[in-house]
Amino acid sequence: MLPHKTIEDRLKTAVKAVLPDADTSSVLVRPCPDPKFGDYQSNALMSLAKARKMNPRQVAADVVAKLDVSDICEPVEIAGAGFLNFRLKPGTVAEALKSAACGAHLFFEKASRPRTVVLDFSSPNVAKPMHVGHIRSTILGDSLAAVLRLLGHKVVTDNHIGDWGTQFGKLIVGWKRHLDRAALKADPMAEMERLYKLSNAASDTDPAVLEYARQELVKLQQGDEENLRIWREMIALSQVQFDTVYGRLDIKFDHTFGESFYNERLQPIVDELRQKGIARESEGAIIVPFEDNPQLKKNPAIVQKSDGAFNYATTDLATIAYRLETWHPNEIIYVTDGRQQLHFQQLFAAFRRWHPEAKVKLAHVWFGSILGEDGKPFKTRSGEVVKLANLLDEAEERVFNVVSEKSPELPGDQRREIARVIGLGAIKYADLLPNRQSDYVFSWDKMLALHGNTAPYLQYAYARIRSIFRKGSLESSDQSLITNHQSPITLAAPQELTLAKHLLNFGLILEAVADEYRPNFLCNYLYDLAGHFTAFYQN
Ligand code: ARG
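Residues numbered from 1 in each chain as written. Predicted model: local features only at pLDDT ≥ 70, side-chain atom pairs only at ≥ 80, totals over all residues. Heavy atoms only, no water.

1. Considerations on the side chain of D39
So the rule is basically this: To qualify as a helix, a DSSP run of H or I must reach at least 4 residues; to qualify as a strand, a run of E must reach at least 2; elements of each kind are numbered from the N terminus. Here a polar contact is taken to be a pair of N or O atoms separated by no more than 3.5 Å, where protein atoms must pair a possible hydrogen donor with a possible acceptor and residues adjacent in sequence count only if both atoms sit in side chains. Only heavy atoms enter the contact rule, under which two residues are in contact if any of them lie within 4.5 Å.
Locating D39 in the fold gives a position in the loop between β1 (30-31) and β2 (40-42). One polar contact links D39 to K501, side chain to side chain, over a distance of 3.0 Å. Setting aside anything within four residues of it in sequence, one finds D39 in contact with R30, P31, C32, F86, R87, L88 and K501.

Here is the structure:
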């Protein structure tokens with residue numbers, strides 16, 4: 001068991017001895033914000049005392065009297081209004097490193113109660129190139145999936161692609177009138193985008209085109225053979241492009257059930273909602289009102305439009321139902337940009353009224369925008385949205401130029417591979433590092449810098465550590481490291497202790513990432529880790 005867990009367990013027992021009625025689930029031990037005061041801290045006693053109108057320092061003294069951690073910690077200190085500060089004995093830290101080196105753990109513990117989590121992320125729209133807005137959902141979602149899996153949770157990833165909706169009316173009109181097969185073959189996404197733009201512009205000026213698009217949409221929805229065939233071709237072509245991007249970013253999904261997958265379920269849901277009095281008619285449309293919800297009072301969810309078409313929210317209700325039936329998750333997480341906050345508030349509220357008995361936790365993990373260096377939404381020089389594929393190309397190209405300049409002697413394919421690893425790593429890391437809810441400025445210079453909290457810096461530190469292993473002939477396999485590790489570990493120099501203690505907190509960071517859906521905690525942890533390692537190495 002990791003030392004902080006041992007401290008926490010014993011602290012809970014001591015609290016129970018002093019306050020038998022206390023709920024000890026809030027008795028937590030966390031890293032001290034300032035190492036001056038110790039390695040770990042607990043502030044739980046203060047609120048327990050407050051709730052009982054007791055003197056917190058007295059409660060702290062009573063608990064400490066019952067608490068025996070002398071085998072692993074220096075004497076426990078009571079600070080301020082009743083904080084407990086713990087400092088690990090160097091021997092305790094060494095013991096934990098030794099057990100890690102012997103393969104007993106990697107500084108984290110699997111969740112004692114594994115959860116099933118459905119993660120809905122990336123979810124681009126068919127017939128539109130993936131753009132820079134999808135990058136955040138894709139990268140944040142994939143990181144959350146990795147962390148949750150590492151902690152032992154069962155994660156089901158589902159790419160909820162936008163493969164249904166009103167845009168297909170215009171797309172089909174464009175396809176029937178203007179399709180250039182050769183252009184489609186050369187660059188399918190660009191051609192589909194062109195077709196959409198053409199008929200969108202035409203419907204703006206000519207009501208007859210708009211009406212034509214509406215009819216084509218109705219035909220598609222009613223199962224017209226030709227329209228279905230065109231629609232299927234658009235999906236297949238788009239999927240090829242999505243898969244290319246996912247392949248480059250090394251991202252996989254367990255499922256890709258697009259919006260269209262839920263078609264058959266939409267009418268029965270609306271009927272059921274009406275029958276239960278949850279939905280009602282309003283100006284020809286069917287809405288779910290939220291009169292008793294102060295935030296949503298003015299924003300009922302529309303589940304069926306006056307022309308009979310269903311909405312994004314209707315599909316999402318059907319999607320929740322399907323996921324519950326299929327995977328029985330404890331939690332469903334949606335990763336999208338912040339502009340969809342209202343949609344998810346409505347969705348969750350409507351779902352709770354529809355299924356008040358459901359225990360599933362629903363979380364909207366939203367993020368801010370990517371801005372250009374001018375502080376405005378990130379665009380290309382000619383003012384268009386930045387396509388994800390082009391962005392990845394540019395990252396690799398920029399790094400390739402730097403590598404070629406610095407190491408012209410390396411063979412070309414090796415330079416390409418380095419450029420790929422560093423370029424894509426830099427893009428991913430730049431996206432994970434900021435607080436996800438703030439907008440961030442996309443800056444090549446910043447993300448590719450060799451110093452500071454960047455991917456190249458971390459990759460450099462990592463490469464250097466590997467090279468030490470190589471020189472020590474320790475790189476052959478992890479197994480040789482484990483079995484050869486017979487000698488004792490002595491932690492004497494402060495840099496050694498600092499590095500070792502930082503390693504001990506890896507699991508706490510992973511848990512915080514999973515609880516708050518914030519991969520940036522892990523970025524900062526790794527940045528500090530690289531710094532502590534460098535100080536250790538230099539000294
Ligand atoms: N396709 C949507 C978009 O590009 C995102 C879908 C998010 N997931 C969901 N279940 N609504 O904005």
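2. Looking at the pairing of strand β8 (residues 285-288)
Selection rule: A simple rule labels every residue: compare its accessible area, found with a 1.4 Å probe on the protein chains alone, to the largest value its type can have, and call it buried under 20%, exposed over 50%, or partly exposed in between. At least two DSSP bridges between two strands are required for those strands to pair.
With burial as the criterion, each face of β8 is covered, one bearing A285 and I287 and the other bearing I286 and V288. Across three bridges, the pairing between strand β7 (residues 280-282) and β8 is antiparallel. Directly across from S282, in β8, lies its bridge partner A285. Once β7 ends, the chain turns through two residues before running back antiparallel as β8, passing E283 with a positive phi of about 50°. Both β8 and strand β9 (residues 301-304) contribute to a ladder of three bridges, which runs antiparallel.

3. A few points about unusual backbone geometry
In this model, K53 sits at a positive phi of 55°, which is unusual for a non-glycine residue. In this structure, K53 sits in the loop between α2 (44-51) and α3 (56-66). Although it is not a glycine, H328 sits at a positive phi angle of roughly 50°. One can find H328 in the loop between α12 (312-327) and β10 (331-337).

4. Remarks on the nonpolar core
Here is the rule: Nonpolar cores are built from buried Ala, Val, Leu, Ile, Met, Phe, Trp, Tyr and Cys residues. Side-chain atoms within 4.5 Å join them into one set.
L11, F86, M234, I333, L391, I427 and F442 are the most contacted members of the largest nonpolar core, which has 112 residues in total. Ranked by residue count, the leading element in this core is helix α10 (residues 225-249), at nine residues. Counting 34 residues, the second-largest nonpolar core is a separate cluster that includes L266, Y322, L347 and F351.

5. Here we look at the site of the ligand
Stated formally: We call a residue near a molecule or strand whenever a single non-hydrogen atom of that residue lies within 4 Å of it. Using a 1.4 Å probe, accessible areas were evaluated by the Shrake-Rupley method; residue-level cover was limited to the displayed protein chains. Here the term charged refers only to Asp, Glu, Lys and Arg, the term nonpolar to Ala, Val, Leu, Ile, Met, Phe, Trp, Tyr, Cys and Pro, and the term polar to all other amino acids, Gly among them.
The full set of residues close to the ligand is D120, S123, N125, H134, H160, Y312, D316, Y334, T336, Q340 and F344. Computed on the free molecule, the ligand has an accessible area of 350 Å², of which 88% lies beneath the protein chains in the complex. Among the secondary structure elements, those contributing two or more residues to the shell around the ligand are α12 and β10. Partitioning the shell around the ligand into residue classes produces three nonpolar, six polar and two charged.

6. A few points about α2
For α2, the full list of buried residues reads A44, L45, M46, L48 and A49. Two residues or fewer past α2, K53 is found with a positive phi of approximately 55°.

7. Concerning the pairing of strand β11 (residues 361-367)
To keep it simple, the criterion reads: When the strands point away from the viewer and the connection leading from the first strand across the helix to the second strand turns clockwise, the crossover is called right-handed.
Burial runs high along β11: five of the seven residues are buried. Examined bridge by bridge, β10 and β11 share seven bridges and lie parallel to one another. Across the sheet, I332 pairs through a bridge with L362, a residue of β11. In terms of handedness, the path from β10 via helix α13 (residues 341-354) over to β11 forms a crossover that is right-handed.

8. What about the packing of helix α19 (residues 494-504) against helix α21 (residues 520-538)?
The description of two packed helices rests on the angle between their axes and on the distance between the axes. Basically, it comes down to this: Convention adopted: a line fitted to C-alpha atoms gives each axis, helices being fitted over their contacting stretch, and angles between N-to-C directions are expressed from 0 to 180 degrees. When describing relative orientation, an angle under 35 degrees is termed roughly parallel and one over 145 degrees roughly antiparallel, while 65 to 115 degrees is termed roughly perpendicular and anything else oblique. Each helix crossing is assigned a hand: it is left-handed if the near helix lies turned anticlockwise from the far helix by less than a right angle, otherwise right-handed if that turn is clockwise.
Closest axis-to-axis distance for the α19/α21 pair is 9 Å, and the angle between their directions is 155°. It follows from the interaxial angle that α19 and α21 lie roughly antiparallel. The hand of the α19/α21 crossing is left-handed. Each of Q495, E496, T498, L499, H502 and L503 in α19 lies in contact with α21, whose residues at this interface are Y525, D528, L529, H532, F533, A535 and F536. Of the residues in the contact of α19 with α21, the class split is seven nonpolar, four polar and two charged.

9. Describing the sheet that holds strand β6 (residues 154-158)
On the basis of which strands lie adjacent, the open sheet formed by four strands has the order β6-β5-β10-β11 and parallel pairing. Unpaired on one side and paired on the other, β6 and β11 mark the two borders of the sheet. The average angle at which neighbouring strand axes cross in this sheet is 20°, direction not considered. As judged from the five bridges shared by strand β5 (residues 116-120) and β6, these two strands associate in the parallel manner. Residue pairing in the sheet places V117 in a bridge with V155 of β6. Against the sheet, α12 touches β5, β6, β10 and β11, its axis set at about 145° to β10. The sheet contacts of α13 involve β10 and β11, and relative to β11 the element is tilted by about 175°.

10. What about the side chain of R323?
Position of R323 relative to the elements: it lies in helix α12. Each residue touching R323, except ones within four places of it in the same chain, is listed here: V118, D120, D158, H160, H328, P329, I332 and Y334.

11. Some words on the pattern of salt bridges
This is how the line gets drawn: We define a salt bridge as a contact between a side-chain nitrogen of Lys or Arg and a carboxyl oxygen of Asp or Glu at a distance within 4 Å.
In the structure shown here, the tally under the stated rule is 31 salt bridges. Among the ionic pairs, R149 bridges to D254, the shortest N-O distance being 3.0 Å. With R149 in helix α5 (residues 132-150) and D254 in the loop between α10 and α11 (263-275), this pair connects stretches of sequence that are 105 residues apart. We classify R149 as partly exposed; its relative accessible area is 36%. Overall, D254 belongs to the partly exposed group, its relative accessible area being 41%. Here the residues in one salt-bridge network are K176, E216, K219 and E226, joined through shared partners.

12. Examining the packing of aromatic side chains
Threshold: By convention, a stacked pair of Phe, Tyr or Trp rings (six-membered ring in the case of Trp) has centres within 6.5 Å and planes under 30 degrees apart, an edge-to-face pair has planes over 60 apart, and any other such pair is tilted. Should the NZ of a Lys or the CZ of an Arg lie within 6 Å of a ring centre and within 35 degrees of the ring normal, that charge is described as sitting over the ring.
A complete count under the given rule lists 21 aromatic pairs for this structure. The interplanar angle of 80° and the centroid separation of 5.1 Å between the aromatic rings of W164 and W231 together place this pair among those described as edge-to-face. With W164 in the loop between β6 and α6 (167-178) and W231 in helix α10, the pair connects residues that are 67 residues apart, well separated along the chain. W231 shares its class with W164; the two are buried. Ring centres of Y334 and F348 lie 5.8 Å apart, and the angle between their planes is 40°; this geometry places the pair in the tilted category. With a gap of 14 residues between them, Y334 in strand β10 and F348 in helix α13 connect regions that are remote in the sequence. A single burial state applies to Y334 and to F348, both of which are buried. Put simply, the rings of F257, F261, Y262, Y322 and W327 pair up and form one aromatic cluster. Directly above the aromatic system of F400 lies the positively charged group of R416, at a separation of 3.7 Å from the ring centroid.

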